[in-house]
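Observations on the three-dimensional arrangement
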Amino acid sequence: MSQAQNRPKVGLFATCLVDLFRPSVGFSAAKLIEDAGCDVHVPIAQTCCGQPAYNSGDTKDTRDLAKQVIEQFEGFDYVVAPSGSCGAMLKMHYPELFKGDALWEERCRRFSDKVFELVSFLTDVRGMTEVQARLDKSVTYHDSCSGLRELGIAKQPRQLLATVEGLELKEMAGPDVCCGFGGTFCVKYPDISGKIVSKKTAAIAESGADMLLAGDMGCLMNMAGKLKREGSTIEVRHVAEVLAGMTESGPIAGSGK
């Protein structure tokens, strides 16, 4: 069997926010997965993971969305998402949806077992220890709630960022403190969300970093929007763009110098 035939087949779950607002993250993710020795496939019929419906208590529609996702991705060796939030939905919460379902429980378990967040997949599954990228800036990293608390993602992005030439990591105070986005939380409780993100952007500014990085587009858009309204020059990007060396596109929300 040839080396090409031995390469794992990875289904890239692009996520709604990447697809609609930040396609460059999807391209960066694909490059990183290929650099890790895998073939990347992006099913055209993929759709939302169902998390907004799930968090709102709409179990029926969530199950319908989940079935479509499983059908689109179950033929791959791995399923990778550039989002701790969506990754946790696929890996941790899908099995809850089909518990006791004779037709779908085992099928869902097999699917969820091969789901990984992007940076976790690169380091924990594929053993990647370094990247070939350069960024002559200082950065600070926000630990998104779902990725950190549900998937245990914290050291992995920092491990790879440490190998980016020219990059200096400046940790903010409370990098693991919520940014206030929380999916539908920011819509239901905008005043509370606004206070939380204000504290977060203050910590980001106090770090003295040129750039803010994270692994979830929801968090990044929330923080980037607040920084822009505050007149900040701090650039905001998804960590995949930096690790892939693909920072040609403008920053999120047009923030930055």
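Residues numbered from 1 in each chain as written. Predicted model: local features only at pLDDT ≥ 70, side-chain atom pairs only at ≥ 80, totals over all residues. Heavy atoms only, no water.

**Quick look at the overall build of the protein**
Helices and strands together make up the secondary structure of the protein, namely 14 helices and eight strands. The C-alpha atoms of the protein give 18 Å as radius of gyration, which agrees with the globular expectation for 257 residues (18 Å, within 12%). On the principal axes, the C-alpha backbone points of the protein span a range of 55 × 50 × 25 Å. Across the 257 residues that make up the protein, the buried fraction comes to 49%. (Helix = DSSP H or I, 4+ residues; strand = E, 2+ residues; numbered from the N terminus. Rg over C-alpha atoms; globule rule 2.2 N^0.38 Å. Buried < 20%, exposed > 50% of the residue type's maximum accessible area, 1.4 Å probe, protein only.)

**Brief notes about the pairing of strand β8 (residues 235-238)**
Along β8, one buried face is formed by E235 and R237 and the opposite face, lined by V236 and H238, is buried too. Relative to β8, strand β7 (residues 211-214) is paired through four bridges, and the arrangement is parallel. If you follow L213 over to β8, its bridge partner there is R237. In terms of handedness, the path from β7 via helix α13 (residues 217-229) over to β8 forms a crossover that is right-handed. (Pairing = 2+ DSSP bridges. Right-handed = clockwise from strand over helix to strand, strands pointing away.)

**Structural notes on the sheet that holds β7**
With parallel pairing, four strands are arranged side by side in an open sheet as β6-β5-β7-β8. Only two strands of the sheet have a single neighbouring strand rather than two, namely β6 (168-169) and β8. Pairing between strand β5 (residues 138-141) and β7: three bridges, direction parallel. Residue V139 lies in a different strand from β7, and its bridge partner there is M211.

**As for the sheet that holds strand β4 (residues 115-117)**
Sheet architecture is open: four strands sit in the order β2-β1-β3-β4, paired in parallel fashion. Both edges of this open sheet fall to β2 (39-41) and β4, since each of them pairs with a single strand only. With direction set aside, neighbouring strand axes in the sheet form an average angle of 35 degrees. The sheet contact formed by strand β1 (residues 9-12) and strand β3 (residues 78-81) spans three bridges and is parallel. Opposite V10, over in β3, you have Y78 as the bridge partner. On the sheet, helix α8 (residues 118-125) packs against β1, β3 and β4 and is oriented at approximately 105 degrees with respect to β4. (Axes fitted to C-alpha atoms, helices over the stretch in contact; angles between N-to-C directions. Contact = heavy atoms within 4.5 Å.)

**Thoughts on the pairing of β3**
Relative to β4, β3 runs parallel, the two sharing three bridges. Bridge pairing links V80 to F116 in β4.

**Structural notes on the packing of aromatic side chains**
Applying the stated rule across the entire model yields eight aromatic pairs. Arranged with centres 5.9 Å apart and planes meeting at 25 degrees, the rings of Y94 and F111 form a pair that is stacked. Residue Y94 is located in helix α6 (residues 84-97), and its partner F111 is located in helix α7 (residues 105-113); the two are separated by 17 residues in the primary sequence. Judged by relative accessible area, Y94 falls into the buried class, the value being 0%. For F111, a relative accessible area of 1% gives the class buried. In textbook terms, an aromatic cluster arises when at least three aromatic residues are bridged by ring pairs, as seen for F13, F73 and F76. The ring of F116 has K91 sitting right over it, with the charged end atom 4.5 Å from the ring centre. (Phe/Tyr/Trp six-rings, centres within 6.5 Å; stacked < 30°, edge-to-face > 60°. Lys NZ or Arg CZ within 6 Å of the ring centre and 35° of its normal.)

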